[in-house]
Amino acid sequence: MISVSSRKSENIDQAWSQMLAFETAMSNSGELLTKRAQQLRKWMWNNIRDRVLDQFLSDQQIQSAIAKYEERVMQGLITPFVAADAILTLFSKQKTT
């Protein structure tokens, strides 16, 4: 481990050398490409989740259903799982029509 200070300009070159050596080792082992591929896959799924959630939350009919079901859940009339299933079923039907 190297202690680095940019204020005092201490050990910056040594730290940079260590970082480059780490990058080289990761590249040579193939782990860098593996991690990058996993990162890209994660970004893809995060993008899908974000876009689906945006579509879901921007729909007025879904917003009305959410308000209705949230109230019923908070009153203990239905379980959160039943409410979620009903709202998702409504969203799914809207997407197929």
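Residues numbered from 1 in each chain as written. Predicted model: local features only at pLDDT ≥ 70, side-chain atom pairs only at ≥ 80, totals over all residues. Heavy atoms only, no water.

## Quick notes on helix α3 (residues 60-74)
The first and last C-alpha atoms of α3 sit 21 Å apart over 15 residues, in line with the 21 Å expected at 1.5 Å per residue. Burial in α3 covers these residues: Ile62, Ala65, Ile66 and Tyr69. With its buried residues spanning 105° around the axis, α3 presents them on a single face. Of the residues in α3, the exposed ones pointing more than 90 degrees away from the buried face are Gln60, Ser64 and Met74. In the core, the buried residues of α3 are packed alongside α2 (31-58) and α4 (80-96). (Helix = DSSP H or I, 4+ residues; strand = E, 2+ residues; numbered from the N terminus. Expected span 1.5 Å × (residues − 1). Buried < 20%, exposed > 50% of the residue type's maximum accessible area, 1.4 Å probe, protein only. Arc of directions from axis to C-beta. Contact = heavy atoms within 4.5 Å.)

## Details of unusual backbone geometry
Negative phi is the rule for most residues except glycine; trans is the rule for most peptide bonds. Despite not being glycine, Ser9 shows a phi value in the positive range, around 55°. Along the chain, Ser9 turns up in the segment before α1 (12-29). Positive phi, normally seen in glycine, also occurs at Asn11, with a value near 60°. Mapped onto the elements of the fold, Asn11 is located in the segment before α1.

## Points about the nonpolar core
By size, the foremost hydrophobic cluster in this structure holds nine residues: Phe56, Ile62, Ala65, Ile66, Tyr69, Ile78, Ala83, Ile87 and Phe91. Elements that contribute at least two residues to this core include exactly α3 and α4. In terms of residue count, α3 provides more of this core than any other element does, four residues in total. Beyond its immediate sequence surroundings of up to four residues, Phe91 is in contact with Val52, Gln55, Phe56 and Ile62. (Core = buried A, V, L, I, M, F, W, Y, C linked by side-chain atoms within 4.5 Å.)

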